[in-house]
Every structure is written in structure tokens, then in C-alpha cells.
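# Residue-level structural notes
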Amino acid sequence: MSISPSESHASEAPAEPKGGVVLGNPASKLDLSRPPILEVDNLQMYFPVRNSGLIRRTVGYVQAVDGVSFQVPAGGSLGLVGESGCGKSTTGRLITRLYKPTAGRIDFDGRNIANYSASQLMPLRREIQMIFQDPATSLNPRHTVGAIVGAPLLIHKVIPKKQVLNRVQELLEVVGLNPEHYNRYPHEFSGGQRQRIGIARALTLQPKLLVADEPVSALDVSIQAQVINLLQDLQREFDIAFLFIAHDLAIVRHFCPEIAVMYLGKIVEISDRETLYNRPNHPYTQALLSAVPDVKQAAIGGRRERIRLEGDVPSPVNPPSGCRFRTRCPIAKEICAKVEPPLLQIGKRHKVACHFAGELGNHPTAPITAGMLGVDDQGNHDPGASPSKDIGNSPGFSDFWFDLKTRTMAKS
Amino acid sequence: MTQSESQIELLEPPPVGVVVEDKVAGVAGQSPTRLALGRFRKDRLSMIAFVVVAFYVVAAILAPILVKFDVIHPTALNPTLLNVDLGGVPNGAWGGMTWHHLLGLEPRTGTDLLSRLWYGMTFSLTIALTASVVAIVIGTVLGIISGFSGGIVDAVIGRMVDVTLSFPQTLMLLALSATGVALFAKILPGSQSDPLPNAVYEVLLLGLFGWPGIARLIRGQVLSIREREFVDAARLLGASRSRLYFKEILPNLWAPVLVQFTLIMPAYISAEAALGYLGVGIHVPTPTIGNILKDSVNYSQADFGYFFFPALLLAIIVVSFNLLGDGIGDALDPKADR
Ligand SMILES: Nc1ncnc2c1ncn2[C@@H]1O[C@H](COP(=O)(O)OP(=O)(O)OP(=O)(O)O)[C@@H](O)[C@H]1O
Ligand code: SF4
Ligand SMILES: [Mg+2]
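An account of the accompanying structure is given in this report. (Residues numbered from 1 in each chain as written. Chains lettered and ligands numbered in written order. Predicted model: local features only at pLDDT ≥ 70, side-chain atom pairs only at ≥ 80, totals over all residues. Heavy atoms only, no water.)

The next thing to look at is the overall build of chain B. Looking only at helices and strands, one finds 13 helices and two strands in chain B. Of all intrachain contacts in chain B linking residues separated by at least 6 positions in sequence, the fraction that spans at least 24 positions is 72%. A total accessible area of about 16,700 Å² is found for chain B, and carbon and sulfur atoms account for 68% of it. (Helix = DSSP H or I, 4+ residues; strand = E, 2+ residues; numbered from the N terminus. Contact = heavy atoms within 4.5 Å. Areas by Shrake-Rupley, 256 points an atom, 1.4 Å probe, with all protein chains shown as cover.)

Below you can see the structure in the form of C-alpha cells.
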């Protein structure tokens, strides 16, 4: 893998017409043959809340991320979607180890880096990088673009100082910036260009995994597509795996063949793109999706009605008992307050955490989970039931799942 | 989730490697500092203040040279020009103003007032400047450490700030004056009458009491800079602590540090004058604006010029420095409305 603009031009640019209407890239496909480069298991991040008195005691915890598990395949991409404050950035920062997790495993390329020390992390810095949300604050206003993009090379001493400028110019060209602008300052660039600078910096060390934390949220709509497309091209060209964070489902659709939906520190639904967009089973995903105007559905006149969620997201310091979504869930029942729904696999590549999982308008009336949790339909302890162990919350998908229609275990 | 975000599917992007949206503001390599300089130049009042301050600094630097070459005579006595009957007040209007002595003479000794003031500016400026440097360096370093480290370090520095601020500064300066000066006289080489021990004592105490405000301000700045993502980006690259402090954070602090500097300078120039009035600091025959003023107050009626000119000089200097500080602050922070 080498970053060289000549290669990129040879393989990509001449093939596509310049100017005019350029057809977008095809949507990224799921490649099941690749092993996961990242596996996150039961990741937890509790930020202590201290009182403001003279002696600062810990009075509680912000449960920003609470038991999140997923996999990102090498060279693939997983989308992480959820409302503001649900813990997406925290998850990303845990994986890049800007934060040290309270609990859980982060297996990167076969090594659990969750408890790595700063010096152990140093070589890993080259392999896991991040694109930040706000290009206005993610670039040091007092550094030139050359200094920003070249910093990783200097810190890691990958190439002799004399060659840094050359490499910086190559990288600027790769991300679509004029290489002659290396001595300009960030404020001289537009938002989209600044984000490209941030992307160049993240690419400098040729990472295997990029955490993209809402890389286009701060950008103009007209520029969002350009940047996403750039990321997609880079992913193909340099075989980079992405954890792509976004706050709505429209952005990740093109980029991510697999998507996880987060609510208040937990994953509520995770599945391949087709299932998630066409047959979401969690009421929260359904609500999110109803806010995405769908071109195709509009064409056939089957546009869904927008589901408005009542109320605000509860505080992660004091999350609701049972299902965290229950305070806003349109179909919540008694059991939801008492028992937490497990992240149950209900399809080949589909998991959902809801007692009443089902397609929109087709939610079951009795909880599907009561039996395996050892409770009755109201969520009270059922002495007669035999709860099954370890349901849900392991990363990846199993060959067996609980089929909702037949209510039995199924196998592919 | 707005309507517009869905349009992403409809917009067709250009391929990789093609330079896009290439509309760059301004000309090449306009650093933030240069932009600030441009804004400063447009501000007339600040430019006037700048010229006055520059004039003052150049004059202060020239004074010792002029003394050496006998152009100004801050210690030459002229007893013949004094009126002995009136207790040593100079002959003539405005304290003996003549072409030879443009600002008149000092009563009792008959030394040239312009010479004394001019030479006094050198000492006043030196004291204010070194005290400012002491305060700024201590304040900035502690402020950065405090803001960036947080936790116990932050708490300890915070208490140091509180304690220092609650000390009765002027009282301390007065009370410890004799012992402090004696101590420095012992440590430092030179005779007892040398102005050095007095000056060092004054500088150190002013500086040691001046840092807390700066540390507090810098700490606040660091807290907000620390939250910006470029610091995380640097961390993520594995940047060392010193790189974070000095390459990432410090360059973003030049603006507040500079503004603090131009604000603490006039404060120290007037502090020197006030302390001189109280008899702390450099004593006659070495002139400072402070000790000239102290003496002149006794003559505010008998020889008004002797009191008026030093006071006017002090006022001009302090006001110009303050205006300069404000101008620099405005120029560096384009968002602040003026
Ligand atoms: N360093 C921190 N200390 C304490 N609480 C934090 C910290 N960082 C985040 N939180 C809290 O954790 C929760 C999740 O924050 P996070 O930034 O991960 O959300 P997000 O999903 O990225 O939201 P957004 O879309 O606004 O970026 C929030 O309630 C936030 O207030
Ligand atoms: S478990 Fe209950 S509250 Fe939670 S999403 Fe399902 S129905 Fe709604
Ligand atoms: Mg975020």
C-alpha cells in the first residue's frame, strides 16, 4: 500500500469524465470473506460526575457508552448512527483510545488494546486514525497546512525530514487539494477543503482503520457528497476500514453496508443495509428512518409517515430502567420498564434489542423475549420459565438466530 | 434531520484526485498574525498610541547613551540658578524654564528636570519591563500547566493563585523593603548606594504578585483550547506532552499573552511611580519617575512646573500603553466588536 497520486490518477481519474455530471460511486458492498479488523466487545465508558464542592466527590456517572459490541471488517465499513448525545463520539474515541474504557474489549487486528499504555499505543497510532467532526476546530489555526499534514510524519519519524514536504504535497493532491497551497493557513480554506486537510492528515500514516466522526455534518449539503465520495475512493484505493459515525441514516446509506443504531449508550439495532432500511424492527430505527425522505418510496407513492418521537433523550446519568427507549417508545408496555431487552439476533445479519421487535405496524402483542429471559409477559419473574444464557451482546453474528415468525431457532 | 440532508443521494461528486472548489480567500500564506497586523494598522488611535509608546521606548534606550556623552545631565547641580531666599526654588517662571533647561530645574539642587525625567524613564521602563516579564513567564507557564493538567496540579496552582491574590501586596512591599533590599545588597555585587538591590527587590516583588491574574486568564484560555479537536488530533498522532504544550497550545496563546503584557506594563509603570512615592524602590540621586514625583509633590505650589511635567509624562505613558493594549486586543480578536 503506498500513497501515490500518480497511481490514483492512473486508476481513477482518467476513467471518469471531468466536469459535467459525474456518476457517483456505486454503494459499498458487504464483503463477508474478510475477517474483522476491529472487534468491540461489551465496551463501556462511564464518565464520573463530581460535585462542585471543596472536596470533589464522585456523585454519579455519565453512562455514555454502556455495553456496545460490534465488528468492522478489514477494508469494510460500519455505520454508527444515533441522535446527539447517544455516545457515538465516545465510542469512536474509545476505539482510537483517546479515552480509556471503563470496561470491555477492543480487539484491533487480534490484539486487545483496551488497556494499552501510552507507549504501547504509539505504534498503533499509525494504524488507527480519526477524522473529526468540525473542520473549524480540528485544524490548529496557527499551523500551515504543510505542518498539519506533515506532523504525523515528523512525530513518527517515518521518513527523513527533507522528504516530508514532498509527501505532504502528494497527500494534498490525493485528497483533491492544490499541492502548492501547503504553506497556507486553515482559515484560508473553505469548510470542505478544511475537511480534506483533516482527511489528508488521517491518511498520512496509512492507517488500517479510520474512525470518521460525523465527517460531513458541519459541511454544506453540496459538499457532503464530494467528501463522502472522496472517502469511498480512498477506502477502495488504500483498503481502509471505516467506522463511520453519523447522526442520521441518510448519510451512511451509501457508504456503509452494515449499520448500527445507537440510543443512549447502547446499540438497539444492527444489521446489513438492506434489512435496516427496508425492514427495520426496532421502533427507534423506524422513527429515525421515517425522517429520511426516501427517493424510491416517494416514486411509488408509498412514502412513510413521519414518526415523531415525544420528549427529550433522557439523561445518560440516570437512564430509564429496563429498555432505555421506553420513555419515548410509541409501543412501550409494562415489561419494558422492568426488563432490559437483549440484543437478539433475529436474522442472518440482523440483531435488535426490543421486547416487541417487528416490522412497522406489525409489532407482536406479546413480548418475544419473555420466555428466554425467564419472565412473564408483564416482565415479572416467572419461576416456571427456564431463561437461556448468553443471549445477545457478543460482537458479530451467529449461524443461529431466533426467527420471529416461527418463534424458533433458525439456521442459515 | 432536515430535508436537505437527503439530497446527498442526488448530488454527483467529482472523482478522486481532482482539485475541487478551489476558491481560496486572500493571498498566499496570510498568517493570522499578519491579518491582525493589517487590522491594527487601520485603527488610528492605536497607531497614535503605538507611536507614542515607541517614542518612549526609544527615548528610554537612548538616555544612558546621552548621559555618557554628556548631552543630558541628570546629576549636574546648578546652585546658582536657585533662589535661596525661597528655600531653593529656581529663579524664573515655570521652575526656571529656559532654552538651556526646557522643563526647568529641580528645586534645591538645580539639576535639569528634562535630563532627570529622561534618564528616569529608563529606570522606570526597565523596572516595569522586567517585572512584566517575570509576571508573564510565571503566569503563562503555571496557567498552561494548570489548564492542561487539571486535577490535583490544577487545584494546587489554583490555591496558590488565591493565596497570592489575598496578600496585601503594597503592605508587604513596604514592610519587607528594608530587609529585602539589604538581602539583595548582600547577594548582588556592588556598593550599598547602587540602585541595583533596590531595583531587583522591586522587580521581584511586583512580578511575584503580578502573575496570578495572568495565570488565571491563561488557564481559562487553555481550557477552551484544550476542548478543540486539533488537540485531540495531535494526541491521536502520539504527540508528546511538550509538543502539545509548546507546538499546539502555546502558539494559540500569543494573542492573550501579548494583550496581558501591554496591559500589565502601564500598571507596573504607575506602580513604580506609586511605590516611589511611598519611598520603595530606587532612591535619589538615581532618577525614576516615581522618586521625582515623590519629591515634586512638596513643591506643588511653590514650583508647579516641577510637579506638572513628571505627572503629565506619567499620564501620557500610561494612557498610551493602555490604548496600545486595547488596540492589540481588538486586532488579534476579530470577533470582538469595537
Ligand atoms: N469527557 C466527558 N465527560 C463527561 N461526559 C461526557 C464526556 N464526553 C461525553 N460525555 C457525555 O456522554 C454522552 C455521549 O456523548 P457523545 O459525545 O459520545 O455523544 P454523540 O453521540 O457523539 O453526540 P453528538 O451527535 O452531539 O456528537 C453525552 O451525554 C455527553 O454529555
Ligand atoms: S423494548 Fe419496549 S420500550 Fe423498548 S423499544 Fe421495544 S417496545 Fe419500545
Ligand atoms: Mg459526537
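Another aspect to go through is the nonpolar core. Membership of the largest hydrophobic core comes to 70 residues, with the highest contact counts inside it found for Ile 199, Leu 203, Phe 242, Phe 244, Leu 249 and Val 252 of chain A. Per element, the largest residue contribution to this core is seven residues, and it comes from helix α7 (residues 221–238) of chain A. Setting aside its immediate chain neighbours within four residues, Leu 249 of chain A contacts Val 81, Ile 259, Leu 276, Tyr 277, Thr 285, Leu 288, Leu 289 and Val 292 of chain A. If you look at the next biggest cluster of nonpolar residues, it comprises 66 residues, including Ala 151 of chain A together with Ala 60, Met 121 and Met 265 of chain B. (Core = buried A, V, L, I, M, F, W, Y, C linked by side-chain atoms within 4.5 Å. Buried < 20%, exposed > 50% of the residue type's maximum accessible area, 1.4 Å probe, protein only.)

All names here are of chain A. Around ligand 2, 13 residues are found, and the nearest of them are Cys 323, Cys 329, Cys 336, Cys 354 and His 355. Judged by the fraction of its atoms near the pocket grid, ligand 2 is located in the second largest cavity. Along the lines of polarity and charge, the residues of the shell around ligand 2 split into 10 nonpolar, two polar and one charged. (Near = heavy atom within 4 Å. 1 Å grid on protein atoms, 1.4 Å probe; cavity = no way out; pocket = protein on both sides within 12 Å on 5 of 7 lines; lining within 4 Å. Sits in = over half its atoms within 2 Å of the grid points. Nonpolar A, V, L, I, M, F, W, Y, C, P; charged D, E, K, R; others polar.)

Residue and element names in this part refer to chain A. Around ligand 1 sit 15 residues in total, of which Ser 84, Gly 85, Lys 88, Ser 89 and Thr 90 are the nearest. A distance of 3.0 Å is found between an oxygen atom of ligand 1 and a backbone nitrogen or oxygen belonging to Gly 87. Bound to the protein, ligand 1 loses 65% of the 630 Å² it would expose on its own. Elements represented by at least two residues in the shell around ligand 1 include exactly β2 (58–73) and α2 (88–95). Per-class residue counts for the shell around ligand 1 are six nonpolar, six polar and three charged. (Polar contact = N/O pair within 3.5 Å; in protein donor to acceptor, adjacent residues only side chain to side chain.)

Once that is clear, we can look at the pattern of salt bridges. Counted by the stated rule, this structure contains 22 salt bridges over all chains. Between Asp 154 of chain B and Arg 219 of chain B there is a salt bridge, with its nearest N and O atoms 2.7 Å apart. Of this pair, Asp 154 of chain B sits in helix α5 (residues 151–166) while Arg 219 of chain B sits in helix α8 (residues 195–226); the two residues are 65 residues apart in sequence, bridging distant segments of the chain. We classify Asp 154 of chain B as buried; its relative accessible area is 14%. The exposure class of Arg 219 of chain B is partly exposed, given its relative accessible area of 29%. One network of salt bridges, in which partners are shared, links Glu 39, Asp 41, Arg 105 and Asp 107 of chain A. (Salt bridge = Lys/Arg side-chain N within 4 Å of Asp/Glu carboxyl O.)

So, on to the sheet that holds strand β4 (residues 103–108) of chain A. Residues and elements named next belong to chain A. Pairing within the open sheet is antiparallel, and its four strands lie in the order β2-β1-β4-β5. Edge positions in the sheet fall to β2 and β5 (111–112), since each has one partner strand and no second. Pairing analysis gives 12 bridges linking strand β1 (residues 36–50) to β2, with the strands arranged antiparallel. Bridge pairing in β2 places Val 49 opposite Gly 60. (Pairing = 2+ DSSP bridges.)

This paragraph deals with the packing of helix α4 (residues 113–149) of chain B against α8 of chain B. Residues and elements named next belong to chain B. Their axes nearest at 4 Å, the elements α4 and α8 cross at an angle of 35°. The two elements α4 and α8 meet at a crossing, and its hand is right-handed. Looking at the contact of α4 with α8 residue by residue, the class counts come to 21 nonpolar, eight polar and three charged. (Axes fitted to C-alpha atoms, helices over the stretch in contact; angles between N-to-C directions. Left-handed = near helix turned anticlockwise from the far one by under 90°.)

With that settled, consider unusual backbone geometry. All names here are of chain A. Although it is not a glycine, Glu 214 sits at a positive phi angle of roughly 45°. Topologically, Glu 214 is positioned in the loop between β7 (209–213) and α7. One non-glycine residue, Arg 407, adopts positive backbone phi at about 60°. In this fold, Arg 407 is placed in the loop between β13 (400–403) and β14 (408–411).

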